[in-house]
Amino acid sequence: AGMIAAHRAILAGKPVRPTASPLPASVLRPRWVGRSREWAFLQRAHQARRIVMIDGEAGVGKSRLIRDYAQEKSASIFIEGRVGDGDVPFSTLARSLRQLFAGRRLLIDGWAKSELARVVPELFGDEEDDGATSIRTKVRFFEAVSHAFRAADGRESMMVLDDLQWIDRASAEVFIWLADESARGTIPLRIFGAYRTGELDPEVATNIQKGVLVGTTLRLTLGPLDARETRELIEALDIDELLGRVDAIAHASRGIPLYALEIVRSIIESSAPLEGSLAVPERLRLLLAKRLERLSEPALRLARVIAVAGPEFEIELAAFVLAKDVFDLAEPLAELERQQIVIGNRLAHDLLADSVRDALPAMIRCHIHSKTADYLQAKQADPARIAQHLEAAGRRREEAPLL
């Protein structure tokens, strides 16, 4: 595909943009290094039927640890918070319920369908209310969610809640309820969660602390790899360009696997000399910015829309914002996926999203927010999210009625 694109560019008299060298599989999926103590902790907690909460800084490997463990158990429900969820009540819960029902035929009672249809109406259609006076109560709704997860029993034994710092408060309240049900043994689900240190909603943090105090919850703080483990991680990549640079990379990464891998990725793709004097957080942002600079212009434009649109992103929205046909965006999207800039319908890491947004001129950022709001209004999407984009676009008068 790259050679064909270059041939067409030459025939059209356009400059040929060099394609990035393919990354070795060892970088895309690095070997497991260290974390044996942490893995043993998860095993003991699972056997003791405890709720587990893992915290640590961005890029330290929380998601890798918790997901690899859950995948080994093979019976798991994966739920993740996303940037922007906090602005829309029940957005995280709705997404998790859609995932729970995807490809499954679960036996759900009518009363529970009525309750669940409040947040995922397309799953059940117009369910009849059973007329009970308690049908509108919060507990009734929470019981319906418990009912849905009990119906999945026998296929899943773990619920993984990743990036808890992003979930909305309404969904958090439901997940706290499920955690209490799990602790009492009412539902057979083992709940494992992960979140960034210091970024958790205070109410959720308080409930986790209560669980720790009464012994139903075990908390694990995941720290950086030590110097030996970091060097082992880098050496295990088995890349010639890293010879003589292992110690410098290990020092610059501060034991954070994401930082180490981003530095390695930069060396492979650019063959640039390593500058060890740069502080890691700023350095990482620069490395991410360099990755973005290597994208084609269509792919970069699409990445900008994804970063600004947030959880609302879909390919039809991008086509509307960029005034393109959906099929015109197929190759830019494929490029973003090949370069691991995009995973699913979001940027691979929130630091990437920050880098994209920070590099945008304010006027362009406002324009994307404005077009996103117009698209969401045409779809009659959630008023709170439309209002957020209108506010970012400076259209305050239109925002107020929606709020």
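Residues numbered from 1 in each chain as written. Predicted model: local features only at pLDDT ≥ 70, side-chain atom pairs only at ≥ 80, totals over all residues. Heavy atoms only, no water.

Peer 1: Can you help me understand the packing of aromatic side chains in this one?
Peer 2: Two numbers describe a pair of aromatic rings. These are the distance of the centres and the angle of the planes. Per the counting criterion, the structure on display carries seven aromatic pairs. Arranged with centres 6.2 Å apart and planes meeting at 55°, the rings of Phe-141 and Phe-142 form a pair that is tilted. For the pair Phe-141 and Phe-142, one class covers both residues: buried. Members of the aromatic cluster, each reached through a chain of ring pairs, are Trp-32, Trp-39, Tyr-69 and Phe-192. One cation-aromatic arrangement involves Lys-371 over Phe-320; the distance from NZ or CZ to the ring centre is 4.6 Å. (Phe/Tyr/Trp six-rings, centres within 6.5 Å; stacked < 30°, edge-to-face > 60°. Buried < 20%, exposed > 50% of the residue type's maximum accessible area, 1.4 Å probe, protein only. Lys NZ or Arg CZ within 6 Å of the ring centre and 35° of its normal.)

Peer 1: Got a minute to help me understand the pattern of salt bridges in this structure?
Peer 2: Counted by the stated rule, this structure contains 28 salt bridges. With its nearest N and O atoms 2.2 Å apart, the salt bridge here joins Glu-181 to Arg-184. Of the two residues, Glu-181 and Arg-184 are both situated in helix H9 (residues 169–184); the distance of three residues between them amounts to about one turn of the helix. Residue classification places Arg-184 among the exposed residues on the basis of a relative accessible area of 56%. Between Glu-297 and Arg-301 there is a salt bridge whose closest N-O contact spans 3.4 Å. With Glu-297 and Arg-301 both in helix H15 (residues 297–309), this residue pair falls four residues apart, about one helical turn. When salt bridges that share partners are traced, they join Arg-67, Glu-80, Arg-82, Asp-162 and Arg-346 into one network. (Salt bridge = Lys/Arg side-chain N within 4 Å of Asp/Glu carboxyl O. Helix = DSSP H or I, 4+ residues; strand = E, 2+ residues; numbered from the N terminus.)

Peer 1: Please clarify how the packing of H9 against helix H10 (residues 202–214) should be interpreted in this entry.
Peer 2: Pairs of packed helices are described in terms of their axes, by the angle between the two and the distance that separates them. Two elements in contact, H9 and H10, have axes whose closest approach is 10 Å; the angle formed by their N-to-C orientations is 10°. Relative to H10, the element H9 is oriented roughly parallel. Crossing geometry of H9 relative to H10 is assigned as left-handed. Counted together, Arg-169, Ala-172 and Ile-176 of H9 and Pro-202, Glu-203, Val-204 and Asn-207 of H10 form the full contact between these two elements. Residues of the contact of H9 with H10, tallied by class, amount to four nonpolar, one polar and two charged. (Axes fitted to C-alpha atoms, helices over the stretch in contact; angles between N-to-C directions. Parallel < 35°, antiparallel > 145°, perpendicular 65-115°, else oblique. Left-handed = near helix turned anticlockwise from the far one by under 90°. Contact = heavy atoms within 4.5 Å. Nonpolar A, V, L, I, M, F, W, Y, C, P; charged D, E, K, R; others polar.)

Peer 1: Looking at this structure, I do not really get H15. What am I missing?
Peer 2: In an α-helix there are 3.6 residues to a turn, and that puts residues three or four apart on one side. The terminal C-alpha atoms of H15 lie 18 Å apart, and with 13 residues this matches the ideal 18 Å at 1.5 Å per residue to within 8%. Among the residues making up H15, those that are buried are Ala-299, Leu-300, Leu-302, Ala-303, Val-305, Ile-306, Ala-307, Val-308 and Ala-309. Looking one or two residues beyond H15, the residue adopting positive phi is Gly-310, at roughly 70°. (Expected span 1.5 Å × (residues − 1).)

Peer 1: Sorry if this is basic, but what is going on with unusual backbone geometry here?
Peer 2: Trans is the prevailing form of peptide bonds, just as negative phi is the prevailing case for residues other than glycine. In this model, Arg-49 sits at a positive phi of 60°, which is unusual for a non-glycine residue. Among the structural elements, Arg-49 can be located in the loop between helix H3 (36–47) and strand E1 (51–56). In this structure, Asp-238 takes a positive phi of about 55° despite not being glycine. On the secondary structure map, Asp-238 appears in the loop between helix H11 (227–235) and helix H12 (246–253).

Peer 1: Where do I start with the environment of His-46 in this structure?
Peer 2: Residue placement: His-46 occurs in helix H3. By relative accessible area, which is 17% here, His-46 ends up buried. Taking the C-alpha atoms as reference points, His-46 and Phe-192, 146 residues apart in sequence, are found 9.1 Å from one another. Leave out the neighbours within four places in its chain, and His-46 touches Tyr-69, Lys-73, Met-158, Arg-190 and Phe-192.

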